[in-house]
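Overview (structure and organization)
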Amino acid sequence: MVIRAISQRYQVIRRLFGSNQVKGYVCREEKSPSKERYLLVKVIKPGLSKKMLPYFMELNDRQNKGDLLNYFISKRSLWIVFRYYEHSLLHDKMRSNIRLKERLEASRTMMEQILIQDLPYYLQYEALNPKNTVISDVPEVHFNFLLMDTQMLERCDMTDVQKRLADSMEILFEPELKIDAIPRLKHFVKGLQEKDYSEYSQIYRDYRRLYEYVAPMADEELPERESLLLRPWEHLKKNVNVLKKVLYMAVIVALVGMIVYAFVKPETMSDNKVQFNQIGTLKIQQEDGKGDEPW
């Protein structure tokens with residue numbers, strides 16, 4: 001399948017799952033040796049195309065367009081051309097065992113991408129959709145723009161962006177947040193969920209402070225605080241020799257006490273008197289005839 005724009009022809013590689021509002025196609029430029037991939041988003045409904053056209057016309061006129069490359073109209077439908085990144089989804093990649101240092105660098109590239117591209121709130125919101133946020137092996141975070149939340153075009157604000165950014169941070173730092181290993185990290189994520197930031201630069205400023213704090217400890221698997229289960233075990237291992245000596249002395253003291261007790265304690269005689277009425281074949285009788293009396 002070939003999609004014809006005004007001055008380009010795109011060869012479709014595969015179709016992406018979209019919605020009843022949009023369709024997405026991963027493409028390459030026809031007859032081009034470049035390996036670069038493009039995402040062509042087709043807005044299906046004419047009414048929505050009419051609503052979105054001024055938005056992308058204005059964005060396309062900006063000097064810094066980020067990953068937006070072009071747009072065109074074909075058969076009353078708006079087509080938007082973005083750069084496309086063939087990488088793993090962030091939430092899929094984080095299921096593998098990735099060190100804190102690498103995840104911290106991934107978060108840095110994510111935060112810087114948003115800052116550098118300086119996108120409107122709606123496109124920031126779309127970029128941070130878990131199905132659009134991808135990560136390379138370097139690792140670096142990139143964004144694709146399959147527009148899945150077109151209903152947010154006119155009503156998306158900074159609060160919506162903050163919540164999605166908080167979700168991305170929770171995906172990146174799930175191991176540390178689960179055990180509260182880095183309290184400042186938890187505080188930053190909570191701030192994204194609750195603070196009223198007026199612009200993204202304020203968020204980035206708070207993030208840089210967090211990054212500079214965490215970076216020196218990033219080589220540690222469990223920085224600052226161990227989990228409640230591991231902390232007593234680590235303490236026990238460090239003091240094992242002391243515990244051995246204490247237990248050894250306790251055993252010695254117990255043995256000495258048992259020996260002393262065995263020698264010092266008097267033997268207790270039974271209060272029951274034993275009757276001797278016969279010794280062997282010799283019967284013993286009392287003169288008063290009371291042979292049953294104890295001797």
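All figures in this text were calculated on a predicted structure; none of them were measured in a lab. (Residues numbered from 1 in each chain as written. Predicted model: local features only at pLDDT ≥ 70, side-chain atom pairs only at ≥ 80, totals over all residues. Heavy atoms only, no water.)

Overview of the overall build of the protein
Quick note on the threshold: Comment: elements are numbered from the N terminus, with helices defined as DSSP H or I runs of at least four residues and strands as E runs of at least two. Each residue gets one of three labels from its accessible area relative to the maximum for its type: buried under 20%, exposed over 50%, partly exposed in between, using a 1.4 Å probe on protein chains only. Using a 1.4 Å probe, accessible areas were evaluated by the Shrake-Rupley method; residue-level cover was limited to the displayed protein chains.
Each helix and strand counted, the protein has 10 helices and 11 strands in total. Here the protein, with 295 residues, has 37% of them falling under the buried criterion. Element-wise, carbon and sulfur atoms account for 54% of the exposed surface of the protein, whose accessible area totals about 19000 Å².

Quick notes on helix α7 (residues 183-194)
Applied cut-off: Given the number of residues in a helix, its expected span is that number minus one, multiplied by 1.5 Å. The directions from the helix axis to the C-beta atoms are what the arc is built from. Between two residues, a contact is recorded if the distance between any of their heavy atoms is within 4.5 Å.
For α7, built from 12 residues, the straight-helix expectation of 16 Å at 1.5 Å per residue is met to within 8% by its first-to-last C-alpha distance of 16 Å. Among all positions in α7, only Leu 185, Phe 188, Val 189, Gly 191 and Leu 192 are buried. Looking down the long axis of α7, one finds its buried residues gathered within 155° of arc, a one-sided arrangement. Opposite the packed face of α7, turned more than 90 degrees from it, sit the exposed residues His 187 and Glu 194. Looking at the buried positions of α7, the neighbouring elements they touch are α3 (100-117), α5 (158-172), α6 (174-178) and α8 (200-214).

A few points about α8
Along its 15 residues, α8 runs 21 Å from first to last C-alpha, staying within 8% of the 21 Å computed at 1.5 Å per residue. For α8, the set of buried residues is Tyr 200, Ile 203, Tyr 204, Asp 206, Tyr 207, Leu 210, Tyr 211 and Val 214. Along α8, the residues classed as buried sweep out an arc of 165° about the axis, all on the same side. Looking at α8, the residues exposed on the side facing more than 90 degrees away from the buried face are Arg 209 and Glu 212. The inward-facing, buried residues of α8 contact α3, α4 (121-127), α5 and α7.

Some details on the pattern of salt bridges
To keep things clear, this is the line we draw: When a carboxyl oxygen of Asp or Glu lies within 4 Å of a side-chain nitrogen of Lys or Arg, that pair is called a salt bridge.
Within this structure, the stated rule accounts for 16 salt bridges. Here Asp 118 and Arg 62 are joined by a salt bridge, their closest N and O atoms 3.6 Å apart. Taken as a pair, Asp 118 in the loop between α3 and α4 and Arg 62 in the loop between α1 (46-60) and β5 (68-74) lie far apart in primary sequence, 56 residues in all. The closest approach of N and O atoms between Lys 93 and Asp 137, which form a salt bridge, is 2.9 Å. Linking Lys 93 in helix α2 (residues 90-93) with Asp 137 in the loop between β8 (133-135) and β9 (141-143), this pair joins segments that are 44 residues apart in sequence. In this structure, a network of salt bridges that share partners links the residues Lys 195, Arg 205, Asp 206 and Arg 209.

Things to note about the pairing of strand β3 (residues 22-29)
Put simply, the rule is: For two strands to be treated as a pair, DSSP must find no fewer than two bridges joining them.
When strand β2 (residues 9-16) meets β3, the two strands line up antiparallel, connected through 6 bridges. Residue pairing for β3: Tyr 10 is matched across the bridge by Glu 29. Connecting the antiparallel pair β2 and β3 is a turn made up of 5 residues. In this structure, β3 lies alongside strand β4 (residues 37-43), joined through 6 bridges in antiparallel fashion. Bridge pairing links Lys 23 to Lys 42 in β4.

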